[in-house]
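# Structure at a glance
Listed below, chain by chain, are the residues.
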Amino acid sequence: MEDEASSRDHVGSLERGLAVMEILARYPAGMTLTEMAEEAGLTRAGARRFLLTLVATGYATQSGRLFSLSPRLLTVARTWLGGASLWTFAAPIMREVAAQFDEACNAAVLSGEDVVYVARIPGRRILSVALDVGTRLPAYCTSMGRVLLSGLNAGEMKTLLADAKIERRTPKTIVRRDLLAKAVQQAETDGFAIVDEELELGLRSIAVPISDRTGQVVAAINVSTQSARFSVEAMEREILPGLRKAKQRVEEFFFV
């Protein structure tokens, strides 16, 4: 019964019309009616109806024999993108990372000397530190903080470290400002940062930066886990490649 209902609700002509739009998107220089008919598997008459409908509604333009998409489609995309944050659309990518390693995947931006969580896909395992969207944590002792700090210029970095309140959270926390500067520089060189039980004993995390089209670091994503689950070496060997792929997908989708 469900299959029958789905079949009744399925609008085949709309599906074919959307397919025509997708094909036009692949040919920005334009296509002839004959080319569209062949590419879409339609008759010339059918292709003509779809193309002329798109022209009449403003989603395509016609110049002589060539049809191409119009800027109106960009207006629709901008309206859609403007209705939610980048991280709403990045969530499916982060969810894949969390599922791949059965661990939490988080995203944060820099706010003063803190990181602020802007997205979080929780893992199945419970961590004692309470994390949610809006949570603020010190940048100096978190993996996302290290990669976000690595995006600052030398002057900004020096000022932030000089003014930041730095305290020993665990026996492993780096509190010497010169060593923190070196750790941030290492994160810039490596393109990632691992923080091993500096925020909380038993908690490890690995982060990579998210950069815009100019190369400026604008955010970070990480995977956090219990130290008993992954060694530092295993995080770099197993988790880092997955995080880097997620980073690339986010950057390509939003900034390229």
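Per-chain numbering applies: the sequence of each chain, read as written, is numbered from 1 onward. The predicted origin of the model limits local features to residues at a pLDDT of at least 70 and limits the giving and counting of side-chain atom pairs to 80 or more, whereas totals for whole chains, interfaces and linings rest on all residues. In computing side-chain properties, one takes all heavy atoms of the structure into account and sets aside hydrogens as well as water.

Note on backbone geometry: most residues besides glycine have negative phi, and most peptide bonds are trans. The backbone of Asp-102 sits at a positive phi, close to 55°, despite the residue not being glycine. In this structure, Asp-102 sits in the loop between α6 (86-101) and β3 (104-111). With phi around 60°, Glu-197 is a residue other than glycine that occupies positive phi space. According to the relative accessible area criterion, Glu-197 is buried, its value standing at 12%. Counting from the N terminus, the helices are the DSSP runs of H or I reaching at least four residues and the strands are the DSSP runs of E reaching at least two. Only protein chains enter the accessibility calculation, which uses a 1.4 Å probe; a residue whose area is less than 20% of its type maximum is buried, one above 50% is exposed, and one in between is partly exposed.

Here we take up the side chain of Thr-142. Here Thr-142 lies in the loop between β5 (136-138) and α7 (143-149). A polar contact of 3.1 Å, which involves the side chain of Thr-142, links it to the backbone oxygen of Pro-138. Residues within four places of Thr-142 in sequence aside, it is in contact with Val-115, Leu-137, Val-195 and Leu-199. By the criterion applied in these results, polar contacts are pairs of N or O atoms within 3.5 Å in which, for protein atoms, one can donate a hydrogen and the other can accept it, and in which residues neighboring in sequence qualify only through two side-chain atoms. Contacts are assigned to residue pairs that have any heavy atoms within 4.5 Å of one another.

Once that is clear, we can look at helix α8 (residues 154-163). Among all positions in α8, only Met-157, Leu-160 and Leu-161 are buried. One face of α8 carries all of its buried residues, which in axial projection span an arc of 95°. Of the residues in α8, the exposed ones pointing more than 90 degrees away from the buried face are Lys-158, Ala-162 and Asp-163. Residues of α8 that are buried in the fold lie against α7 and α9 (177-190). The backbone nitrogen of Gly-155 lies 3.1 Å from a side-chain oxygen of the residue at the head of α8, namely Asn-153. In this context, the arc is that of the directions from the helix axis out to the C-beta atoms.

Moving on to the packing of α8 against α9. To get an axis, a line is fitted to the C-alpha atoms, and for a helix only the part in contact is used. The angle between two axes follows their N-to-C directions and goes from 0 to 180 degrees. With their axes 10 Å apart at the nearest point, α8 and α9 run at an angle of 140° to one another. Classed by the angle they form, the pair α8 and α9 counts as oblique. In this structure, α8 crosses over α9, and the sense of that crossing is right-handed. Mapping the contact onto sequence places Met-157, Leu-161 and Ala-162 in α8 and Arg-177, Leu-180, Ala-181 and Val-184 in α9. A class-by-class count of the residues in the contact of α8 with α9 yields six nonpolar, no polar and one charged. Here the word oblique covers every angle except those under 35 degrees (roughly parallel), over 145 (roughly antiparallel) and from 65 to 115 (roughly perpendicular). Note: crossing handedness is left-handed where the near helix turns anticlockwise from the far helix by less than a right angle, and right-handed where it turns clockwise. Residue polarity is assigned by list, with Asp, Glu, Lys and Arg as charged and Ala, Val, Leu, Ile, Met, Phe, Trp, Tyr, Cys and Pro as nonpolar; anything else, Gly included, falls into the polar class.

Attention now goes to the sheet that holds β5. Any two strands with at least two DSSP bridges between them are considered paired. Taken together, six strands build an open sheet; the order of strands is β5-β4-β3-β8-β7-β6 and the sheet is antiparallel. Across the chains shown, the open sheet's two edge strands, defined by having one partner strand only, are β5 and β6 (193-196). Between one strand axis and the next, the sheet turns through 35° on average, direction left out of account. Helix-sheet contacts for α6 involve β3, β4 (114-121), β7 (203-211) and β8 (217-226), and the interaxial angle to β4 is about 75°.

This part is about the nonpolar core. Here, nonpolar core refers to any group of buried Ala, Val, Leu, Ile, Met, Phe, Trp, Tyr and Cys residues whose side-chain atoms link them within 4.5 Å. By size, the foremost hydrophobic cluster in this structure holds 27 residues, and its most contacted members are Trp-87, Met-94, Val-97, Ile-206, Ile-221, Ile-239 and Leu-243. Of all the elements in the fold, those that place two or more residues in this core are α6, β3, β4, β7, β8 and α10 (232-255). With near-sequence residues (within four places) excluded, Ile-206 lies in contact with Ser-143, Phe-192, Ala-193, Ile-194, Ile-221, Asn-222, Val-223, Met-235, Glu-236, Ile-239, Leu-240 and Leu-243. By size, the runner-up hydrophobic cluster in this structure holds 26 residues, among which are Ala-108, Leu-203, Ala-207 and Ala-220.

In this section: the pattern of salt bridges. Salt bridges are defined by distance alone: a side-chain nitrogen of Lys or Arg within 4 Å of a carboxyl oxygen of Asp or Glu. Taken as a whole and judged by the stated rule, the model has eleven salt bridges. A salt bridge links Glu-103 to Arg-229, with the nearest nitrogen and oxygen atoms 2.6 Å apart. Placement of Glu-103 in the loop between α6 and β3 and of Arg-229 in the loop between β8 and α10 is noted, with a sequence separation of 126 residues between them. Linking Arg-146 and Glu-198 is a salt bridge whose minimum nitrogen-to-oxygen distance equals 2.7 Å. On the criterion of sequence distance, the pair formed by Arg-146 in helix α7 and Glu-198 in the loop between β6 and β7 is long-range, its members being 52 residues apart. On the basis of relative accessible area, Arg-146 is assigned to the buried category, the value being 4%.

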